[in-house]
Amino acid sequence: MGKSQVGGAEATVPQSAGGSLDLNQLRTFLAVYRSGSFTAAARVLGLSQPTVTAQIRSLERQLDRELFERLPRGAAPAPFADELASRIGEPLDALAEVAGHGGDGTAEPVHLAGPAEFLSHCVLPGLAPLVEQGVRLRITTGLTDDLLDELRAGRHDLVVATVRPRGRALASVPLADEEFVLVTAASWAQRMGGAERLAALGPAALRGVPLVAYAEDVPIVRRYWRHVFGKQLVCEPAVTMPDLRAVKAAVAGGAGFSVLPRYLCLDELASGTLVLLNDPEDPPINTGYLVQRPGSSDNPHVALVRDHLLASSRDC
């Protein structure tokens, strides 16, 4: 093993049979390991894909170990790659942070991504003080799986995810809980007999009321049905829109019923535009997670935004 000083601490760097390994190759290995593909690692490092492939092959020859299984889409780490990543990740991140100091003092924008509804209602209003302090933000909205793939490829610094990321390459921290509520417009509530009839008949009380949903497979509504009623949803949506704010607008306008995050409906519930059809003691809850791009960022504003979100978003 070779040793180097990082931040006053001794870091252990693996060696090949012929001596110390090349740090650039180790950085490339770590980028492939964390991003899950040679193509994504090339984008993160600013290298060509053939260069990344050549460095990994050279490192495998020096170690006499296979590090990755090449797949049609991406690269799966071999068992030895897990061990190597755990040994070199922290020292290389520390070196990257030290090497990144000494710029012109102007931080790059922080690239933040997540669901449009949650970012709009619970995140962006609370980030206003940071913008006043000089933090620049670049916001992207989309579906969690797509955004996490882009995070691995280095396109985002932070992602608000609706599910905990799979695997060990992405670290996540619980950010906030969403409570889901069953709602309809006041006109439909009156026609169907309101919450009292739902309590008496169960989901059958909604027969004939159109369903408005986020997607054709109605994942949010199906989960509510299983959790609250203990039954499988058999109703197909009359209207689908991939934006919960649009779903809320359609329901408030009288298009039917839906299941929405409570934070999204507070004003409409208070004004009577939307009516709460059910108020179970144990409502469905979904936990959102804050996920940071693998590796250490030399942009201090990334940590500033991350810490601010963790301190404030639970109040949404």
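Residues numbered from 1 in each chain as written. Predicted model: local features only at pLDDT ≥ 70, side-chain atom pairs only at ≥ 80, totals over all residues. Heavy atoms only, no water.

Details of the environment of Ile220
No. 1: Relative to the helices and strands, Ile220 resides in helix 10 (residues 219-229).
No. 2: With 38 residues separating them in the primary sequence, Ile220 and Ser258 have C-alpha atoms 9.0 Å apart.
No. 3: Other than its neighbours up to four places away in sequence, Ile220 contacts Phe180, Leu244 and Val259. (Helix = DSSP H or I, 4+ residues; strand = E, 2+ residues; numbered from the N terminus. Contact = heavy atoms within 4.5 Å.)

What to know about the side chain of His301
No. 1: Following the sequence through the fold, His301 ends up in helix 13 (residues 300-312).
No. 2: Aside from chain neighbours lying at most four places away, what touches His301 is Ala107, Val110, Gly134 and Val135.

Quick word on the side chain of Thr144
No. 1: Mapping Thr144 onto the fold places it in helix 7 (residues 144-152).
No. 2: At a separation of 2.9 Å, a polar atom in the side chain of Thr144 contacts the side chain of Thr162. (Polar contact = N/O pair within 3.5 Å; in protein donor to acceptor, adjacent residues only side chain to side chain.)

Some thoughts on the confidence of the model for the protein chain
Detailed reading of predicted coordinates is not advised where the pLDDT is low.
No. 1: The predicted model of the protein chain averages 85 in pLDDT, with 88% of residues at 70 or higher.
No. 2: Low confidence marks residues 1-13, where pLDDT is under 50. Its contacts with residues over four positions away, or in another chain, come to 23 contacts.
No. 3: Taken as a whole, residues 101-105 scores under 50 in pLDDT and shows zero contacts with residues more than four places along the chain or in a different chain. (pLDDT = per-residue confidence, 0-100.)

Remarks on the pairing of strand 9 (residues 158-161)
No. 1: Here strand 9 shows a buried face lined by Leu158 and Val160 and a second buried face lined by Val159 and Ala161.
No. 2: Bridge count between strand 7 (residues 110-114) and strand 9: two bridges; the pairing is parallel. Each bridged residue has a counterpart across the sheet, and for Leu112 the counterpart in strand 9 is Leu158.
No. 3: As defined by bridge partners, strand 9 adjoins strand 15 (residues 285-292) across four bridges and the pair is classed as antiparallel. The residue of strand 15 that forms the bridge with Leu158 is Gln292. (Buried < 20%, exposed > 50% of the residue type's maximum accessible area, 1.4 Å probe, protein only. Pairing = 2+ DSSP bridges.)

Examining the packing of aromatic side chains
Geometry of an aromatic ring pair is reported as the spacing of the ring centres plus the angle between the planes.
No. 1: Inspection of the entire model under this criterion finds eight aromatic pairs.
No. 2: Measuring from centroid to centroid gives 5.6 Å for Phe29 and Phe68, while their planes differ by 40°, and the two rings are tilted. In this pair, Phe29 is assigned in helix 1 (residues 23-35) and Phe68 in strand 5 (residues 68-70), connecting sequence segments 39 residues apart. Just as Phe29 is buried, Phe68 falls in that class too.
No. 3: Taken together, the ring pairs connect Phe29, Tyr33, Phe38 and Phe68 into an aromatic cluster.
No. 4: Between the NZ or CZ atom of Arg191 and the centre of the ring of Trp188, over which it lies, the distance is 3.9 Å. (Phe/Tyr/Trp six-rings, centres within 6.5 Å; stacked < 30°, edge-to-face > 60°. Lys NZ or Arg CZ within 6 Å of the ring centre and 35° of its normal.)

Brief notes about the environment of Ile88
No. 1: The residue Ile88 is located in helix 4 (residues 79-100) in this model.
No. 2: Residue classification places Ile88 among the buried residues on the basis of a relative accessible area of 2%.
No. 3: Each C-alpha atom of the pair Ile88 and Leu26 lies 7.8 Å from the other, and the pair is 62 residues apart in sequence.

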